[in-house]
Amino acid sequence: MQEQKTPSKITVLGAGAWGTAMAIALARRHDVLLWGRNPAQMAETEAARENLHYLPGHPLPADLKLGADFDAALAHVVEAYPEQAPLLVLACPVAGLRPLLEQLKGRAVPNVVWLCKGFEAGTGLLPHQVKDEVLGQAVPGAALSGPSFAQEVARGLPCALTVASTSEALRERVVAAAHGDNLRVYSCDDMVGVEVGGAVKNVMAIATGAADGLGLGLNARAALITRGLAEITRLGVHLGAQPATFMGLAGMGDLILTCTGDLSRNRRVGLALAQGKQLDTIVAELGHVAEGVPCAKSVRMLAQRLGVDMPITNAVAAVLFDGESAAEMTQQLLARDPRDELA
């Protein structure tokens, strides 16, 4: 796939850290509008030309448009279709995906590309399943995922992502638009694998952060990451994913980054749990969404319903929601009976 030469119209719905970072990266070569639901925050961001609340220290490109008018943000891409190949990027947490899709329902939507990672609370649905429920399968959808910290993408540091969609045309459109400069974008049709990998790695990062916070050493960290990958793969394959997907960027790549990188919110949750802090305090101090927290509850419920063995997820959920300590979580995992590694 050759890098796209002609600028495309792109709207990013969601002005959090990741949405802002992607808007910055895409605005270097495209006509991009970044929408946020909070008019006061967007006015502040416009005045400072910097997202002071979610991504401070990263100036916005001069050509990046900002707005809090939803209709205008949607018109930015809808009016360009089909003469151009616009993209509508949804940069909300999983909890906000359905409400955002509901706002798009009944409108002329060319496509949707989501950046969120997780299972929807209550339903246990993956993002593409939520999209299908709200907008139907006639609207092409894609998941853009992989090892990526917003701060580094905003700085223009090298990053590689995977776009997953059953629509080959949409995959090609995303690659053409996003691939370039220091951003590489690979593609695949395994939406389940890419989404499961992106979701459950956050739970594993909480476990790894807790182990590191308890001073259990690098051996323990390596064991958790490796067994975490086995756990993610087990669930993904049960849901219909391709095993090879979990050896790629959206699987192993994202898992390693989130478990070891100091910018990882989910890892920081684990570190704080090891200090004995309460979950409410941890979440308040973060000031950002840590998707691994709600995901742990959803994945535990899903795994129990499907009969999939997920001991690390169960241990993390027990600490987050059942009052167990990080030390007790560790003892649970160490006390498990031996088993065939590949079983």
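Looking at an unreviewed UniProt entry, the chain carries the name Glycerol-3-phosphate dehydrogenase [NAD(P)+], with the source organism given as Massilia hydrophila. What UniProt records for the chain under Subcellular location (unreviewed entry) is the sentence "Cytoplasm". What UniProt records for the chain under Sequence similarities (unreviewed entry) is the sentence "Belongs to the NAD-dependent glycerol-3-phosphate dehydrogenase family."

Turning our eyes to something else, we now look at the nonpolar core. Core analysis: the largest hydrophobic core is formed by 45 residues, its most contacted members being Phe119, Val196, Val200, Leu235, Val269, Val316 and Leu320. When contributions to this core are tallied by element, the ones reaching two or more residues are α8 (191–213), α9 (218–238), α10 (249–260), α11 (265–274), α12 (279–286), α13 (292–306), α14 (311–321) and α15 (326–334). With 11 residues, α8 is the largest single contributor of residues to this core. Counting 39 residues, the second-largest nonpolar core is a separate cluster that includes Ile10, Leu34, Ala91 and Val185.

The next subject is helix α2 (residues 39–48). Residues of α2 that are buried include every one of Gln41, Met42 and Thr45, and no others. When α2 is viewed along its axis, its buried side chains cluster within an angular range of 95 degrees and face the same direction. Among the exposed residues of α2, those pointing more than 90 degrees away from its buried face are Pro39, Ala40 and Ala47. Close packing links the buried residues of α2 with β2 (31–35), β3 (50–51) and β5 (65–67). One side-chain oxygen at the N-terminal end of α2 lies 3.0 Å from the backbone nitrogen of Ala40; it belongs to Asn38. Phi for Arg49, located one or two positions after α2, is positive at around 50 degrees.

By volume, the largest pocket is sized at about 1000 Å³. In this structure, the largest pocket is lined by 43 residues; those nearest its centre are Ala17, Trp18, Pro93, Arg265 and Val289. If you list the elements that add at least two residues to the lining of the largest pocket, you get α1 (17–27), α2, α4 (94–104), α6 (150–155), α8, α10 and α11. Here the residues of the lining of the largest pocket are counted per class, giving 21 nonpolar, 15 polar and seven charged. As a volume, the second largest pocket reaches approximately 460 Å³. As for the second largest pocket, its lining consists of 20 residues, and the residues nearest its centre are Ala223, Leu224, Arg227, Leu333 and Leu334. Elements with a minimum of two residues in the lining of the second largest pocket: α8, α9, α14 and α15. For the lining of the second largest pocket, the element with the highest residue contribution is α9, accounting for six residues.

What follows covers the sheet that holds β2. If you walk across this open sheet you meet the eight strands as β5-β2-β1-β6-β7-β8-β9-β10, and the pairing is mixed. At either end of the open sheet lies a strand with only one pairing partner, and these are β5 and β10 (183–188). Along the sheet, successive strands turn relative to each other by an average axial angle of 25 degrees, direction set aside. In terms of strand pairing, strand β6 (residues 87–90) meets strand β7 (residues 112–114) through two bridges, oriented parallel. Residue pairing in the sheet places Val89 in a bridge with Val113 of β7. Sheet strands in contact with α8 are β7, β8 (141–145), β9 (159–164) and β10, and its direction is about 40 degrees off that of β8. In the packing of α10 onto the sheet, the strands contacted are β8, β9 and β10, and the crossing angle to β9 comes to about 140 degrees.

What follows concerns the packing of α8 against α14. One can describe the packing of α8 onto α14 by two numbers: an axis separation of 9 Å at closest approach and a directional angle of 65 degrees. The angle between α8 and α14 places the two elements in the roughly perpendicular class. For the element pair α8 and α14, the recorded crossing hand is left-handed. Along its contact with α8, which presents Val200, Val203, Met204, Ile206 and Ala207, the element α14 presents Ile312, Thr313, Val316 and Leu320. Here the contact of α8 with α14 is composed, by residue class, of eight nonpolar, one polar and no charged.

Below, the discussion takes up the environment of Leu224. One can find Leu224 in helix α9. Placed 13 residues apart in sequence, Leu224 and Ala211 show a C-alpha to C-alpha distance of 8.6 Å. Excluding residues that lie within four positions of it along the chain, Leu224 makes contacts with Ala207, Thr208, Ala211, Ile312 and Leu333.

This next bit is on the environment of Lys277. With respect to the secondary-structure elements, Lys277 resides in the loop between α11 and α12. With a relative accessible area of 31%, Lys277 lands in the partly exposed category. Expressed as a C-alpha distance, the spacing of Lys277 and Ser325, which sit 48 residues apart in the sequence, is 9.8 Å. Ignoring any residue separated from it by four or fewer positions in sequence, one finds Lys277 in contact with Ala272, Ile282 and Glu285.

Thresholds, definitions, all that
- Residues numbered from 1 in each chain as written.
- Predicted model: local features only at pLDDT ≥ 70, side-chain atom pairs only at ≥ 80, totals over all residues.
- Heavy atoms only, no water.
- UniProt positions renumbered as here; feature names shortened; annotations may be inferred.
- Core = buried A, V, L, I, M, F, W, Y, C linked by side-chain atoms within 4.5 Å.
- Buried < 20%, exposed > 50% of the residue type's maximum accessible area, 1.4 Å probe, protein only.
- Helix = DSSP H or I, 4+ residues; strand = E, 2+ residues; numbered from the N terminus.
- Arc of directions from axis to C-beta.
- Contact = heavy atoms within 4.5 Å.
- Polar contact = N/O pair within 3.5 Å; in protein donor to acceptor, adjacent residues only side chain to side chain.
- 1 Å grid on protein atoms, 1.4 Å probe; cavity = no way out; pocket = protein on both sides within 12 Å on 5 of 7 lines; lining within 4 Å.
- Points joined across faces, edges and corners; volume = space filled by probe spheres on them.
- Nonpolar A, V, L, I, M, F, W, Y, C, P; charged D, E, K, R; others polar.
- Pairing = 2+ DSSP bridges.
- Axes fitted to C-alpha atoms, helices over the stretch in contact; angles between N-to-C directions.
- Parallel < 35°, antiparallel > 145°, perpendicular 65-115°, else oblique.
- Left-handed = near helix turned anticlockwise from the far one by under 90°.

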